[in-house]
Each structure stands twice: as C-alpha cells, then as structure tokens.
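Coordinates in review
Listed below are the residues making up each chain.
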Amino acid sequence: MKNIGLKFTFSSSIARRLLLALTILSMALFSISCYYFAESFRVEPIAIYKNTYKLAQINTDILYNVSVKPSMIYDYATIVNYPMIYLSLVHRIQYLFDITWEVYNDTYSGVASNINYTVTPAMTISTPTWSKKFPLKADAVSGDKHVLIQGELNMSDLYNLVRAIDSEVLVSSRRYDVNITMNFEINVLYMNGERKRFDLNPSMLLSVNELNNILIITINESSETFTNNTQISVENTLNLPMGLKISIADSRRITLYSTLTLGAMSIALIFITINTYKPKNITGKTKPRRNVLKGLVDESNLKLIQISNYRDFESVSKRFNIPIIYSENVGKYYIVLGDVAYVYIENNESREGNK
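Let us look at the structure shown here.

Points about the overall build of the protein chain
- When you go through the protein chain residue by residue, the secondary structure sums to 5 helices and 20 strands.
- Relative to a compact globule of 355 residues, whose C-alpha radius of gyration would be 20 Å, the protein chain shows 54 Å and is clearly more extended.
- Once the C-alpha set of the protein chain is aligned to its principal axes, its extents read approximately 155 × 50 × 40 Å.
- In the protein chain, which comprises 355 residues, the proportion classed as buried is 33%.
- Within the protein chain, contacts between residues separated by at least 24 positions form 70% of all contacts whose residues are at least 6 apart in sequence.
- Looking at the protein chain as shown, the accessible area adds up to about 22400 Å², and 56% of this sits on carbon and sulfur atoms.
- Computed over 36 positive and 31 negative side-chain charges, the inter-centroid distance for the protein chain is 20 Å.

Structural data, given as structure tokens:
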C-alpha cells in the first residue's frame, strides 16, 4: 500500500510539472505568434519599385543675326544680333536652328534598329484680327545625330504678305507676331517591331510693332528628355529563425489562426494550472487544536448546534474561552454552554488518518 501511494504521489508531481511547463510553452508560443502577426501588418505585402530610363534626348540651339541699314545708332554696322531692333532699319533676318539628339536602346523593346527624322519649318503670323500659318523654306544640313536648319526672312516680303491679307479682310495690322517654328520629329523602330515617336518644336518669335518702330526677337531653345517609367512588384518576406523566410501574405494568414488557437489554449492552461496549484480548502480536514480535551458528552440533555467550518467552531471557543471536548469514539468535538452544545463533526478522511 505504501509503494502504491508513493507511485501515485510521484506521478501526480510529474503531471503538475508537465502542466506548468506546457502552460509556459504555450504562453511563449503565443507571444511569438503575436509578434509576427503584428510584424506582418507593419510591412506591406508587396513592394513596388519604380524604374525610370531614358528613351531619347533632343537639344536645340538657335542663333540669329539681323541685316540693318548702316546707321549711327548701331555704329554703322550692317549685321547685329540684338533682341530689340528698330524696325525701320531692318532688311532681313537670318536664323539657324542647331538640333542634336540621342536615341537610347529601350530596356523592354530592345535595340533601336532604325532611326529617321523629319523637320517641318513653318511660319505663323498672328494679328489681333486674323492668324495664318505658312510653310517655310529652309536649308537642312544633316550630320551624325545632328541637323542644322538655316533660313532667312526678308522684312519687305513680310510687309507685303501682311498687307495683302489685311486688304482681303479690310483691316490694317500695325502690330503682329511672326512665329518661326521647326517641327522636329524622330521615328524609331525597335528590334521587337515596336515604333516610337519623339518630337520637339523649337521656335523664334518676332514681335513687330510698326506704331513704335520696334522689332523684338524672342527665341525658345527648347530641350526635352523622353523617359519611360516601369514598375516592378516584389513580394515582401519576414525573416524567421534559422534563416527561414515567409511571405507577408502567408504570415498574416498563418499567424492569425495560430494566435487565436494559442491564445485560447494558453487561457485554458492558465486556468487549469491556477486551479491545480492554488491552496486547497482544508475545511473539515484539520482538527481543532485549541484547548482540546478528550471526554464524553451526553447529547440527550443538550440542544445541539452543528458547525461545519472548524474556524467558526474554534472562534466560539475563543470567544467564550471554553475548552473543546473531543469524543474520539464518535469523532465529534463539543463546546458546551449551559444546555447548548456546539458540535463539529470530524470527517471520515480525518478519522482514517488518525487511525
């Protein structure tokens, strides 16, 4: 019988320790799961990287000079390049558009296999009452990724053209703008068959004011870089112990279920562990020990009041300072006050222990 009791005690102790270890382990796993669950929502599942690369670049330089009558105001020079000139002294305007370009291979379309360009000179005259666009003759000199377009404009021809249109619409334009543009266009054919077009429109503006006898020249040396933007989507991952990795989307899904499961398990194990390790209620298992005297009590002449809690029973003895009488043959304790006896009955486990 003793060996069986020892084995039972030993097994119970191991079970309690295993329960405590399992509780601690589940709480640790729950904390780890919560950490990775929160970390998965701190990082976006997909990272988007933008890649920008050049397709083509076009640059323009514009030069001009003006042939004028020899005069004192220009120190008797015949060629000037001032932005503002007296209109009555101007004979003609010579201009030069210097256009350079560079076409790069497309990262996705491949090598540029065929490149050609076109230049379309034009002149647009705009007055307060009418506007008209005219084709313009210009000489083009081509080079490697380089083209020069040069031409000239006689002011007498310009005056005659404006007067002719004014006579048609019955107006007299004394102020007007002459915009000389070069529509430069590059067409590229790539190895994969894709075609792309890049264009630029540099210009030179002549503002004519016959009322104030002024010609103002403004150039627009436009340059432009053509680019292409691409986006690359990369799936983000979380680093796990032992060099392992897991995607953010999988981490969110797995840790959601693991956190809920481990949380419920931890709560259940904590509750069981607390109930297992909390002090047992020893009411009815411990004998009163204060002023206990062994004897016999005749219950026939007494009014009996049974108390089930030994602490309450002993408190009566303390309050009235009366000794407790223990009747061993029936396993009862008595406190006798006159014709009243307070009784505490020893339970069977205590009696068997005493034996």
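A short note on the sheet that holds strand S20 (residues 340–345)
- Read across the sheet, 5 strands follow the order S16-S18-S19-S20-S17 without closing on themselves; strand pairing throughout is mixed. Strand pairing shows two members of the sheet lacking a second neighbour, strand S16 (292–294) and strand S17 (303–306), which therefore form its edges. Strand after strand, the sheet turns through a mean of 35° between neighbouring axes, direction not considered.
- In the packing of helix H4 (residues 310–320) onto the sheet, contacts are made with strand S18 (324–327), strand S19 (332–337) and S20, and the angle to S19 comes to roughly 30°.

What to know about helix H3 (residues 248–277)
- For H3, built from 30 residues, the straight-helix expectation of 44 Å at 1.5 Å per residue is met to within 8% by its first-to-last C-alpha distance of 41 Å.
- Among the residues of H3, Ile248, Ser251, Thr255, Thr259, Leu262, Gly263, Ser266, Leu269 and Thr273 are the ones counted as buried.

Comments concerning the pattern of salt bridges
- Inspection of every chain in the model, using the stated rule, returns 10 salt bridges.
- Residue Arg197 pairs with Glu185 through a salt bridge whose shortest N-O separation is 3.8 Å. Residue Arg197 is found in strand S10 (residues 195–200), and its partner Glu185 is found in strand S9 (residues 175–190); the two are separated by 12 residues along the sequence.
- Glu185 sits in the buried class, given a relative accessible area of 19%.
- Bridged by salt links that share partners, the residues Arg163, Arg174 and Glu210 form one connected network.

Section: unusual backbone geometry
- At Leu170, a residue that is not glycine, the phi angle is positive and equals roughly 60°.
- Considering the arrangement of structural elements, one finds Leu170 in the loop between helix H2 (155–169) and S9.
- With a relative accessible area of 76%, Leu170 lands in the exposed category.
- For Asn213, which is not glycine, the phi torsion reads 60° and is therefore positive.
- One can find Asn213 in the loop between strand S11 (203–209) and strand S12 (214–220).
- With a relative accessible area of 24%, Asn213 lands in the partly exposed category.

Notes on the packing of aromatic side chains
- In the structure shown here, the tally under the stated rule is 11 aromatic pairs.
- With centroids separated by 5.9 Å and ring planes inclined at 80°, the aromatic side chains of Tyr95 and Phe97 adopt a geometry described as edge-to-face. Accessibility assignment for this pair places Tyr95 and Phe97 in one class, buried.
- Each ring, one from Phe313 and one from Tyr344, has its centre 5.8 Å from the other, and the planes form 35°; the classification is tilted. Here the residue Phe313 occupies a position in helix H4, and Tyr344 occupies one in strand S20, the gap between them amounting to 31 residues.

Here's the deal with a nonpolar patch on the surface
- Residues Leu22, Leu25, Leu29 and Ile32 make up a contiguous nonpolar surface patch of roughly 350 Å² in combined accessible area.
- For Leu22, a relative accessible area of 41% translates into the label partly exposed.

Quick word on the side chain of Asp106
- Here Asp106 shows up in the loop between strand S4 (90–103) and strand S5 (112–126).
- On the basis of relative accessibility, which here comes to 4%, the residue Asp106 falls in the buried class.
- Here Tyr53 takes part through its side chain, which lies 2.8 Å from a polar atom of the side chain of Asp106.
- Looking at Asp106, its side chain comes within polar contact range of the side chain of Lys196, at 2.7 Å.
- The contact partners of Asp106, leaving out residues within four places of it in the chain, are Tyr53, Leu55, Tyr190 and Lys196.

A word on the side chain of Ser251
- In this fold, Ser251 is placed in helix H3.
- Discounting chain neighbours no more than four positions away, the residues touching Ser251 are Tyr36, Ser40, Leu238, Ile246 and Leu256.

As for the pairing of strand S6 (residues 131–135)
- In the sheet, S5 pairs with S6 via 5 bridges, with the strands oriented antiparallel. Within the sheet, the bridge partner assigned to Ser126 lies in S6 and is Ser131.

Thoughts on H2
- Counted at 1.5 Å a residue, the expected span for H2 with its 15 residues is 21 Å, and the 21 Å between its end C-alpha atoms agrees.
- Buried residues of H2: Met155, Leu158, Val162, Ile165 and Asp166, and no others. Along the axis of H2, the buried positions cluster into a sector of 105°, meaning they face one direction only. The exposed set on the far side of H2, more than 90 degrees from its buried face, consists of Asn160, Ser167 and Glu168.
- Buried residues along H2 sit in contact with S4, S5, S6, strand S8 (146–154), S9 and S11.
- Backbone geometry just downstream of H2 places Leu170 in the positive-phi region, at approximately 60°.

Rules behind the numbers
- Sequence order as written defines residue numbering, which begins from 1 separately in each chain.
- In view of the model being predicted, local features appear only for residues whose pLDDT reaches at least 70, and side-chain atom pairs are presented and counted only at 80 or more, with totals across whole chains, interfaces and linings using the full set of residues.
- Only hydrogens and water are removed before side-chain values are computed, so all heavy atoms of the structure are retained for them.
- Only runs of H or I of at least four residues qualify as helices and only runs of E of at least two qualify as strands under DSSP, and these elements are numbered from the N terminus.
- Here the globule rule is a power law, 2.2 Å times the number of residues to the power 0.38, and the radius of gyration is based on C-alpha atoms.
- For every residue, the accessible area (1.4 Å probe, protein chains only) is compared with the maximum for its type, and the residue is labelled buried under 20%, exposed over 50%, or partly exposed between those bounds.
- Note on definitions: a residue-residue contact is assigned when non-hydrogen atoms from the two residues lie within 4.5 Å.
- Accessible areas in this description were obtained via Shrake-Rupley with a 1.4 Å probe; residue shielding takes into account the shown protein chains only.
- Residues counted as positive are Lys and Arg, residues counted as negative are Asp and Glu, and His and the chain ends are not counted.
- Lysine's charge is taken at NZ, arginine's at CZ, aspartate's at CG and glutamate's at CD.
- The pairing criterion is simple: DSSP has to find at least two bridges between the two strands.
- Each axis is a line fitted through C-alpha atoms, taken for helices only over the stretch in contact, and angles between the N-to-C directions span 0 to 180 degrees.
- Helix span, expected: 1.5 Å multiplied by one less than the number of residues in the helix.
- Whenever a carboxyl oxygen of Asp or Glu lies within 4 Å of a side-chain nitrogen of Lys or Arg, that contact is scored as a salt bridge.
- Only centres within 6.5 Å qualify two rings of Phe, Tyr or Trp (six-membered ring in Trp) as a pair; their planes then separate them into stacked at under 30 degrees, edge-to-face at over 60, and tilted for everything else.
- Patches in this entry comprise residues that are over 30% relatively accessible and not in a salt bridge; like charges within 9 Å are linked, as are nonpolar side chains (Val, Leu, Ile, Met, Phe, Trp, Tyr) within 5 Å.
- Think of a polar contact as two N or O atoms within 3.5 Å of one another; within protein, one of them needs to be a possible hydrogen donor and the other a possible acceptor, and neighboring residues in sequence only count if both atoms come from side chains.
- Arc definition: it is the arc formed by the directions from the helix axis to the C-beta atoms.

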